[in-house]
Amino acid sequence: MTGSFRELRFLAKDRAALLWLGIAVLVAGLSVFLGLREVAAQRTVLNELIEVDRAERDVLRGLHQDWGDVAYYTFHLTHDSPSDFAFAALGQRDTSPWKHHIRALALEGQIYETDAENPDFALIGRFDFAFAASMLAPLLLILLLHDLRSRERAAGRYELLGATAASRGSPWFVRAVLRVGALTLCLLVPLWAAGLLVGTGAAKLALASLVVALHIGFWWGFCAFVDRFGWSSPVNLTALIGAWLALAVVVPAAIESSVETAVPVPEGGEVMLTQREAVNDAWDLPKSATMEPFVERHPEWADYTQVGQSFEWKWYYAFQQVGDQIVEPLSRAYREGRIRRDRLAGTLAWLAPPALSTRALQAIAGTSMADSLAYEQRVRDFHAALRGYYYPRLFRDEVVSDASLGQRPEFPVVGK
Amino acid sequence: MSRILTIAHAEWRLWLRSRLAFGALLITALLLTSTSVVTALRMSEAHHARIHQQAVAEATFLSQPDRHPHRMVHYGHYVFRVPPPLSVIDPGVDSVTGQSMFLEGHRQNTAMFADARASAELGGFEDLTTALAYQLFLPLLLIAIGHGLIIREREETTLVPLLAQGVTGTELYAGKGIALVGLSLALLLPLAVMCAVAVGRGAAPLASAGVIGLYALYLLVWCSLILLVSSVARSRSLALGILALVWLGTALIIPRIGVESASSLIPVPGKIETDLNMQAELRAVGDGHNASAPEFRQLQADLLAQYDVTRVEDLPVNFRGVVARAAEADLTEVMNRHAEERMALEAGQARFAASFGWLSPVLAVAAGSRALSGTDLATHHRFLREAEVVRFDFVQGLNRVHVEQLAYGDDINRNIDAEASKRTRMSAENWNVLDEFTFRPAAATERLARASTPAAMLFAWLLMLAAIGALAARRVQP
């Protein structure tokens with residue numbers, strides 16, 4: 001026990017170690033602070049948008065006497081609210097959409113719109129806790145641990161220390177444990193504080209802490225391994241930073257290009273083009289070319305497929321739907337390709353612990369690629385519900401009424 | 001002078017003999033070369049693919065059958081942002097912004113299908129490019145090899161004999177400096193090769209030379225920093241620690257702090273927000289599909305007076321087309337105003353974030369490199385503006401066909417029967433209102449001008465470090 005206290009005193013006097021630990025606190029604190037701000041800003045934007053969107057629909061109410069016009073002009077806001085842990089890992093929210101403005105026209109023409117922020121930002125990246133814990137923390141740990149033994153060797157105390165200690169490894173082990181523990185706490189305390197502040201679920205915080213601890217544990221093991229070779233401090237540090245470079249950058253880059261080669265994804269533009277052709281061709285085709293495939297999907301409207309005039313709204317919406325149907329295989333391949341890429345990357349990420357840690361934190365925060373795709377699915381479901389609402393009114397040629405408008409589906413808010 | 005070169009030469013020999021230095025060098029050279037090849041292959045593939053897609057999109061538009069011209073307005077067109085030749089070095093915002101855009105009447109769409117949306121998430125550094133390898137990781141190698149340049153002589157007690165032989169501190173400093181700078185310049189070779197390749201593919205030689213110059217300047221900044229730290233630090237470990245800290249701060253932390261502060265200090269409303277806020281203004285313009293809407297009464301009265309007739313049917317032009325054209329012009333005015341506001345805000349954000357380049361040479365070189373390569377935010381904005389010009393031109397071209405060639409009587413009766421509908425179909429020859437579109441970045445001189453601020457930042461860093469270095473060199477003592 002006295003040994004531990006002595007080591008703690010050493011640590012408290014080691015200015016370099018204190019500097020690295022101080023940076024760790026600063027980095028972790030700043031990252032959660034910025035994350036909290038960003039999530040608060042996203043919430044504000046969403047709340048405002050929800051208001052404006054509702055007001056906009058109220059303005060439209062009563063403006064159109066025809067269900068076709070109503071469906072054409074009414075947009076609906078769909079959104080993916082940030083979870084209570086999103087502040088720690090902003091993840092896909094930077095590049096993938098978390099809000100869509102859709103209407104009952106062909107969905108494939110709308111769902112790929114991205115309301116992205118400044119591309120310069122997505123390029124440089126956000127400063128969130130996931131970045132601090134997955135990318136910066138290993139470097140700080142390396143700086144803390146690289147000269148544990150080599151420094152004593154250089155000072156000529158190594159053999160003496162080893163000889164006077166109770167067991168051969170003990171002083172080094174205690175020294176390392178203290179530093180690793182201190183670094184872990186420096187990272188996690190700000191996270192916990194932020195979690196308490198916004199009421200993050202305890203399970204999420206515990207899981208995230210476990211991820212951080214395991215990730216740091218890995219790098220500890222790696223540092224200990226390199227330390228065994230008995231190199232000098234600068235050589236140790238160079239080798240360890242080289243390893244960081246390999247595991248944080250080179251291996252992920254290699255994984256990314258192999259995933260992209262292994263799992264081809266159809267060009268997104270292809271989906272759009274096909275959809276546009278299908279929808280536009282319908283204007284020139286006989287009405288039956290639209291109504292037949294439509295009825296295959298919706299047999300309940302089989303008795304309503306006569307289109308008397310050269311333009312009727314029900315036919316217009318039917319070919320919007322048929323446009324989606326035609327592009328369905330391509331669109332599914334695009335979606336499934338992205339899912340498969342994500343899964344494969346998830347498996348291969350075990351080769352690159354920093355990537356694995358980032359992915360794990362994003363999964364806990366609900367900001368992973370899978371979450372982004374799940375949101376896309378919710379938009380699809382909602383769009384289907386909108387169609388389900390408009391079709392009976394269009395096909396039976398009902399009168400637009402306030403009561404009927406009151407039954408229109410609203411985008412469900414999903415708690416995370 | 002010969003003494004300085006001898007010192008540099010001795011340093012190079014040492015690196016070649018040291019397994020660590022040699023290994024690190026070899027790995028870096030390999031990394032730079034393979035990254036360059038991979039980036040170049042990817043971007044030139046994208047280049048060809050998008051040129052092809054653009055040609056296909058134009059051919060498809062032109063091959064559309066006879067139609068009501070307004071149907072072609074909604075049929076729309078696609079434009080693709082072809083990556084400029086220098087993107088083989090720095091793809092910049094290419095992967096995070098959509099590369100294609102759907103152009104149609106009455107709407108300004110966003111660019112769609114950013115690569116980043118279909119690529120795997122692996123921590124943020126997985127999109128390794130040549131530019132990134134030079135900006136972020138080459139300095140690490142220089143640190144690993146160069147941190148001990150001067151301090152090593154002191155630690156190994158070879159400094160006393162050196163100085164006793166009459167070598168001055170400044171000579172030692174200069175010799176070591178030349179050694180490190182020489183290495184850096186050698187490592188610029190893959191970049192120079194890629195620049196030559198880019199020039200072969202049509203890149204402006206001026207901009208390409210600018211890229212090499214910018215990165216040379218950047219590496220000089222790192223060399224002078226490393227040399228300085230190596231001469232003032234008390235131990236190799238300390239020197240390495242300080243340099244690692246500077247790298248951590250300038251490469252990983254400050255750029256992201258810049259992004260975060262820009263995004264919270266200069267909020268930019270999103271596309272949906274802008275669209276929603278625009279709705280009231282757009283409604284005031286009126287729906288161009290509905291020629292009898294109250295918003296167009298004045299237009300109708302003016303037109304009737306101009307042609308001295310009393311009924312729209314008697315006008316020599318198609319009133320529905322006139323309304324469509326006027327509404328499009330007014331809508332576009334509103335949409336452009338909002339788009340310009342948004343782009344101005346985004347550019348302001350980018351400028352603010354880039355001003356952190358005074359604190360981080362990494363951020364400065366990144367901004368300069370994107371500007372020179374024609375892959376920066378300004379170039380993306382240029383694409384958006386050019387695409388809008390294409391959109392407005394073909395839509396109004398089609399509206400002109402609607403106004404001048406389609407009889408009003410046929411137009412209002414188009415839904416009566418198939419025959420009536422056929423009469424409103426205009427010949428497909430009219431679709432040649434569409435211009436060919438090839439996206440090109442701004443002229444090299446303009447890009448050089450945009451890169452001048454980042455270059456000035458780097459130059460200021462170099463000047464400051466060299467000045468302190470000159471002072472420190474005179475004080476090199478055993």
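This one's a predicted model, so the numbers in the text were calculated from it and none came from an experiment. (Residues numbered from 1 in each chain as written. Chains lettered and ligands numbered in written order. Predicted model: local features only at pLDDT ≥ 70, side-chain atom pairs only at ≥ 80, totals over all residues. Heavy atoms only, no water.)

### Description of the interface of chain A and chain B
Our working rule: Note on definitions: a residue-residue contact is assigned when non-hydrogen atoms from the two residues lie within 4.5 Å. Here the quantity called buried area is the total loss of accessible area, with a 1.4 Å probe, experienced by two parts when brought into contact, counted for both. Here, a salt bridge means any side-chain nitrogen of Lys or Arg that lies within 4 Å of a carboxyl oxygen of Asp or Glu. Between N or O atoms, a polar contact is any pair within 3.5 Å; within protein, one atom must be a potential hydrogen donor and the other a potential acceptor, and residues adjacent in sequence are included only when both atoms are from side chains. For this scheme, ten residues count as nonpolar: Ala, Val, Leu, Ile, Met, Phe, Trp, Tyr, Cys and Pro. Four count as charged, namely Asp, Glu, Lys and Arg, and the remainder, Gly too, count as polar.
Each side of the interface is counted separately: chain A has 92 residues, and chain B has 79 residues. Summing the contributions of chain A and of chain B, the shared interface buries around 7,700 Å²; its carbon and sulfur component is 63%. There are five salt bridges connecting chain A and chain B. Between Arg126 of chain A and Glu260 of chain B there is a salt bridge, with the nearest N and O atoms lying 3.0 Å from each other. Summed over the shared surface of chain A and chain B, the number is 18 residue pairs in polar contact (both at pLDDT 80 or more). Here the side of chain A that touches chain B is built from residues that sort into 52 nonpolar, 17 polar and 23 charged.

### A word on the packing of aromatic side chains
All names here are of chain A. How we decide: Here a Phe, Tyr or Trp ring, Trp counted by its six-membered ring, pairs with any other such ring whose centre lies within 6.5 Å, and the pair is stacked when the planes are under 30 degrees apart, edge-to-face when over 60, and tilted otherwise. Numbering goes from the N terminus for both helices and strands, where a helix is a DSSP run of H or I of at least four residues and a strand is a run of E of at least two. Categorising residues by exposure relies on relative accessible area from a 1.4 Å probe, with only protein chains included: less than 20% of the type maximum marks a residue as buried, more than 50% marks it as exposed, and the intermediate range marks it as partly exposed.
Scanning the entire structure with this criterion turns up 47 aromatic pairs over all chains. Ring centres 5.9 Å apart and planes at 65° place the aromatic pair Trp219 and Phe222 in the edge-to-face group. Of the two residues, Trp219 and Phe222 both sit in helix α9 (residues 202-227), three residues apart, roughly one turn of that helix. The class for Phe222 is partly exposed, based on a relative accessible area of 25%.

### Quick word on the nonpolar core
Put simply, the test is: By nonpolar core is meant a set of buried Ala, Val, Leu, Ile, Met, Phe, Trp, Tyr and Cys residues that side-chain atoms within 4.5 Å join together. Boundary definitions for the domains trace back to an automatic or database domain assignment.
In this structure, Phe129, Leu191 and Trp244 of chain A together with Trp247 and Leu252 of chain B are the most contacted members of the largest nonpolar core, which totals 149 residues. If one sorts the elements of this core by residue count, helix α9 (residues 205-232) of chain B sits on top with 16 residues. Mapping this core onto the domain boundaries places at least three of its residues in each of domain 1 (2-18 + 130-262) and domain 2 (31-128 + 263-406) of chain A. The residues contacting Leu191 of chain A, other than those within four sequence positions of it, are Val32, Phe85, Phe87, Ala88, Phe129, Leu205 and Ala208 of chain A. Core analysis: the second largest hydrophobic core is formed by 49 residues, Val271, Trp301 and Tyr334 of chain A together with Ala57 of chain B among them.

### Description of the sheet that holds strand β2 (residues 100-104) of chain B
Sheets are built from strands paired through backbone hydrogen bonds, the pairs being either parallel or antiparallel. Residue and element names in this part refer to chain B. This is how it is decided: At least two DSSP bridges between two strands are required for those strands to pair.
Strands sit in the order β1-β2-β3 across an open sheet of three strands; the sheet is antiparallel. With partners counted over all chains shown, the strands left at the sheet margins are β1 (77-80) and β3 (107-108), one partner each. As judged from the two bridges shared by β2 and β3, these two strands associate in the antiparallel manner. Within the sheet, the bridge partner assigned to Glu104 lies in β3 and is Arg107.

### Details of the domain arrangement of chain A
Often, the extent of an interface is quoted as the loss of accessible area upon association of its parts. Residues and elements named next belong to chain A. Its domain assignment divides chain A into domain 1 (2-18 + 130-262) and domain 2 (31-128 + 263-406). Computed over C-alpha atoms only, the centres of domain 1 and domain 2 are separated by 44 Å. Taken residue by residue, the interface counts 33 residues in domain 1 and 29 residues in domain 2. Summed over both partners, the interface of domain 1 with domain 2 comes to about 2,400 Å²; 74% of that surface belongs to carbon and sulfur atoms.

### Some words on helix α5 (residues 129-145) of chain A
The following threshold applies: Fitting one axis to the seven residues ending at a residue and another to the seven starting there, the bend at that residue is the angle between the two axes.
By the largest-angle criterion, Leu136 of chain A marks the main kink of α5 of chain A, which is about 45°, and a proline, Pro138 of chain A, follows within four residues. With 17 of 17 residues buried, α5 of chain A is to be regarded as a mostly interior element.

### Thoughts on the pattern of salt bridges
Using the criterion set out here, one finds 43 salt bridges over all chains in the structure. Put simply, Arg93 of chain A and Asp80 of chain A hold a salt bridge, and the shortest N to O gap is 3.8 Å. In this pair, Arg93 of chain A is assigned in the loop between β1 (76-79) and β2 (99-102) and Asp80 of chain A in the loop between β1 and β2, connecting sequence segments 13 residues apart. Considered together, Arg93 of chain A and Asp80 of chain A belong to a single accessibility category, that of buried residues. Note that Asp314 of chain B and Arg311 of chain B form a salt bridge whose closest N and O atoms lie 3.2 Å from each other. Looking at Asp314 of chain B, the relative accessible area reads 38%, which means it is partly exposed. A residue is classified by how much of its surface remains accessible, and Arg311 of chain B, at 45% relative accessible area, is partly exposed.

### Details of unusual backbone geometry
If you check the backbone angles, Asp397 of chain A has positive phi at about 55° while not being a glycine. Mapped onto the elements of the fold, Asp397 of chain A is located in the loop between α15 (369-395) and α16 (402-406). With a phi angle near 65°, His106 of chain B is a residue other than glycine that sits in the positive phi range. Relative accessible area serves as the criterion here: at 22%, His106 of chain B is assigned to the partly exposed category.

### Quick word on the packing of helix α11 (residues 271-285) of chain B against helix α13 (residues 319-354) of chain B
Residue and element names in this part refer to chain B. Put simply, the rule is: Helix axes are fitted only over the stretch in contact, all axes being lines through C-alpha atoms; the angle between N-to-C directions runs from 0 to 180 degrees. Angle categories are assigned with fixed cut-offs, so that under 35 degrees is roughly parallel, over 145 is roughly antiparallel, 65 to 115 is roughly perpendicular, and the rest are oblique. Should the near helix be turned anticlockwise from the far one by less than a right angle, the crossing is left-handed, and should it be turned clockwise, the crossing is right-handed.
It is at 10 Å that the axes of α11 and α13 come closest, and there the two elements cross at 150°. Classed by the angle they form, the pair α11 and α13 counts as roughly antiparallel. As α11 runs across α13, the sense of the crossing is right-handed. Facing Lys271, Thr274, Met278, Glu281, Leu282 and Val285 of α11, the residues of α13 in contact are Ala327, Asp330, Leu331, Val334, Met335, Arg337, His338 and Arg342. Of the residues that constitute the contact of α11 with α13, the class distribution is seven nonpolar, two polar and five charged.

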